[in-house]
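# Chain and residue survey
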Amino acid sequence: TEWTPIKDYSEILFERTGKIAKITMNRPQKHNAFTPVTVSEMIDAFSLARDDESIGVIILTGAGDKAFSSGGDQSVRGNGGYVGPDEIARLNVLDLQRLIRVIPKPVIAMVKGWSVGGGNVLQLVCDLTVAADNAQFGQTGPKVGSFDAGYGSAYLARVIGHKRAKEVWFLDHFYSADEALAMGWINRVVPLAEVETATLEWAYELLEKSPTALRFIKAAMNADTDGVAGLQQLAGDATMLFYTTDEGKEGRDAFLEKRKPDFNQFPKFP
Ligand code: 2NE
């Protein structure tokens, strides 16, 4: 597959093939551990992919075959967060998690090797996960003095069940791709050499589906798990559709034309 660079960054790659964008955490010497810079760059790339109407599916992965990501880079962990060149301690990966959740396009995690800590939470919040058979999944927070009690814990419990989620976090074991598949933690396991082909196969299938249907299904599941924030997303999608109708436009036009709106002309659907 031919990947064309979209924009240059220092700690990630951002490429596309046709209507598919690929964001690659690119610090293989540290198993793609992320810094505030890696995360800021991912937020920028995801936002560009979101705004680009010609992009239908986004793939998130890690450089090389050894790791998806090993989580926050412990060597830049400061007092209250991870510290970048601006010397501000941040947990900006939480903003990235939200962004992946609200982007109204399918996001697929393509996992090779280690998927650990905050890196594994990124895998979790992607809509679908295709893993290579060398993938290993786990949380390490309690071992290294950290935790993600948001999506990393509460949403994980929704996905794999409370007993399993507590086991994962309390004991900090690593789980093989087949074990993760059996738990419903990921969607598909393929041989390492086939992981990109298999991920693209699903991406092309998704591109054949109605983007609005996919958008509402994603928003509805978020509404169930994310409370008012999830409902906001579903409601925003409804408003977006309403703005495209004659009924919605009548309200806007009447206001601008300083006349009474004529909503009586519109059907009252059962
Ligand atoms: C992933 C794992 C188990 C792999 O082990 P192994 O033996 O295959 O590799 P090794 O030798 O540990 O790692 C290769 C190089 O990458 C660095 C290592 O220090 C090593 O560097 P050198 O010694 O060769 O110079 N490296 C790996 N992970 C790193 C990391 N996260 N930060 C900085 N350097 C890292 C093994 O590497 C491992 O256990 N890694 C640590 C996993 C971890 O605890 N991650 C942080 C969890 S907390 C978090 O992500 C988080 C959160 O909980 C809440 C909010 C935001 C973030």
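Residues numbered from 1 in each chain as written. Predicted model: local features only at pLDDT ≥ 70, side-chain atom pairs only at ≥ 80, totals over all residues. Heavy atoms only, no water.

Bringing the overall build of the protein into the picture now. The secondary structure content of the protein amounts to 10 helices and 13 strands. The globule rule puts the C-alpha radius of gyration for 270 residues at 18 Å, and the 21 Å found for the protein is close to it. Considering only C-alpha atoms, the protein reaches an extent of 65 × 40 × 40 Å along its principal axes. Counting over 270 residues, the protein shows a buried share of 44%. Surface summary for the protein: the accessible area is close to 13,800 Å², and the carbon and sulfur share equals 56%. Of the charged side chains in the protein, 29 are positive and 35 negative, and the gap between their average positions amounts to 4 Å. (Helix = DSSP H or I, 4+ residues; strand = E, 2+ residues; numbered from the N terminus. Rg over C-alpha atoms; globule rule 2.2 N^0.38 Å. Buried < 20%, exposed > 50% of the residue type's maximum accessible area, 1.4 Å probe, protein only. Areas by Shrake-Rupley, 256 points an atom, 1.4 Å probe, with all protein chains shown as cover. Lys, Arg positive; Asp, Glu negative; His and termini not counted. Charge placed at Lys NZ, Arg CZ, Asp CG, Glu CD.)

Our focus in this paragraph is helix 9 (residues 211–243). If you check helix 9, its first and last C-alpha atoms are just 17 Å apart, much less than what 33 residues at 1.5 Å a residue would give, namely 48 Å. Gly227 marks the point of greatest bend in helix 9, at about 155 degrees. Taken together, the buried positions of helix 9 are Lys218, Ala219, Asn222, Ala223, Asp226, Gly230, Gln233 and Asp237. Elements in contact with the buried residues of helix 9: helix 2 (93–102), strand 8 (107–111) and helix 5 (151–160). (Expected span 1.5 Å × (residues − 1). Bend = angle between axes of the 7 residues up to and from the residue. Contact = heavy atoms within 4.5 Å.)

Glancing now at the UniProt feature "site: Important for catalysis" (unreviewed entry) in the protein. Residues annotated by UniProt as "site: Important for catalysis" (unreviewed entry) correspond here to Tyr82 and Tyr243. Their sequence span is 162 residues, while the largest C-alpha to C-alpha distance among them is 41.2 Å; these annotated residues do not converge on one region. Along the polypeptide, Tyr82 turns up in strand 6 (residues 82–83). If we ignore the near neighbours within four places in the chain, the residues touching Tyr82 are Pro36, Gly72, Asp73, Gln74, Val76, Arg77, Ile88, Ala89, Arg90 and Leu91. Of the polar contacts made by the side chain of Tyr82, one reaches the side chain of Gln74; its length is 3.1 Å. (UniProt positions renumbered as here; feature names shortened; annotations may be inferred. Polar contact = N/O pair within 3.5 Å; in protein donor to acceptor, adjacent residues only side chain to side chain.)

We now examine helix 1 (residues 36–51). Here helix 1 is 16 residues long and its end C-alpha atoms lie 23 Å apart, about the 22 Å a rise of 1.5 Å per residue gives. Inspection of helix 1 places Pro36, Thr38, Val39, Glu41, Met42, Ala45, Phe46 and Ala49 among the buried residues, and these make up the whole buried set. Sitting at the head of helix 1, Thr35 places a side-chain oxygen 3.1 Å from the backbone nitrogen of Val37.

With that settled, consider the sheet that holds strand 8. With respect to topology, seven strands assemble into an open sheet ordered 1-2-3-4-8-10-13, the strand pairing being mixed. Both outer strands of the open sheet, strand 1 (4–8) and strand 13 (188–190), are each paired with one neighbouring strand and no more. When strand polarity is set aside, the average angle formed by the axes of neighbouring strands in this sheet is 25 degrees. Here strand 1 pairs with strand 2 (residues 12–17) via four bridges, running antiparallel. Counterpart to Pro5 in the pairing with strand 2 is Glu15. (Pairing = 2+ DSSP bridges. Axes fitted to C-alpha atoms, helices over the stretch in contact; angles between N-to-C directions.)

Despite not being glycine, His31 shows a phi value in the positive range, around 55 degrees. Assignment of secondary structure puts His31 in the loop between strand 3 (20–25) and helix 1. The exposure class assigned to His31 is partly exposed, which follows from its relative accessible area of 30%. Positive phi outside glycine occurs at Glu87, with the angle close to 65 degrees. By secondary structure assignment, the location of Glu87 is in the loop between strand 6 and strand 7 (89–90).

What the rule picks out here adds up to six aromatic pairs. Taking 4.9 Å as the distance between ring centres and 65 degrees as the angle between the ring planes, the aromatic pair formed by Trp114 and Phe174 counts as edge-to-face. A residue pair is termed long-range when its members are at least 10 positions apart, and Trp114 in strand 9 (residues 114–116) and Phe174 in the loop between helix 6 (162–171) and strand 12 (175–176) qualify at 60 residues. Classification of Trp114 as partly exposed rests on a relative accessible area of 27%. Aromatic pair Phe137 and Trp185: ring centres 6.0 Å apart, planes at 40 degrees, arrangement tilted. Of this pair, Phe137 sits in strand 11 (residues 136–138) while Trp185 sits in the loop between helix 7 (177–183) and strand 13, and the two are 48 residues apart along the sequence. With a relative accessible area of 0%, Phe137 lands in the buried category. Ring pairs connect the aromatic residues Phe137, Tyr175 and Trp185, which therefore count as one cluster. Sitting above the plane of the Tyr155 ring, Arg101 keeps its charged end 4.3 Å from the centroid. (Phe/Tyr/Trp six-rings, centres within 6.5 Å; stacked < 30°, edge-to-face > 60°. Lys NZ or Arg CZ within 6 Å of the ring centre and 35° of its normal.)

Looking now at the pattern of salt bridges. Applying the stated criterion across every chain yields a total of 17 salt bridges. Of the charged contacts, one joins Asp44 and Lys7 as a salt bridge, the two residues approaching to 2.7 Å between their closest N and O atoms. Of this pair, Asp44 sits in helix 1 while Lys7 sits in strand 1; the two residues are 37 residues apart in sequence, bridging distant segments of the chain. By relative accessible area, Lys7 is classed as partly exposed at 36%. One network of salt bridges, in which partners are shared, links Glu11, Arg27, Lys30 and Asp73. (Salt bridge = Lys/Arg side-chain N within 4 Å of Asp/Glu carboxyl O.)

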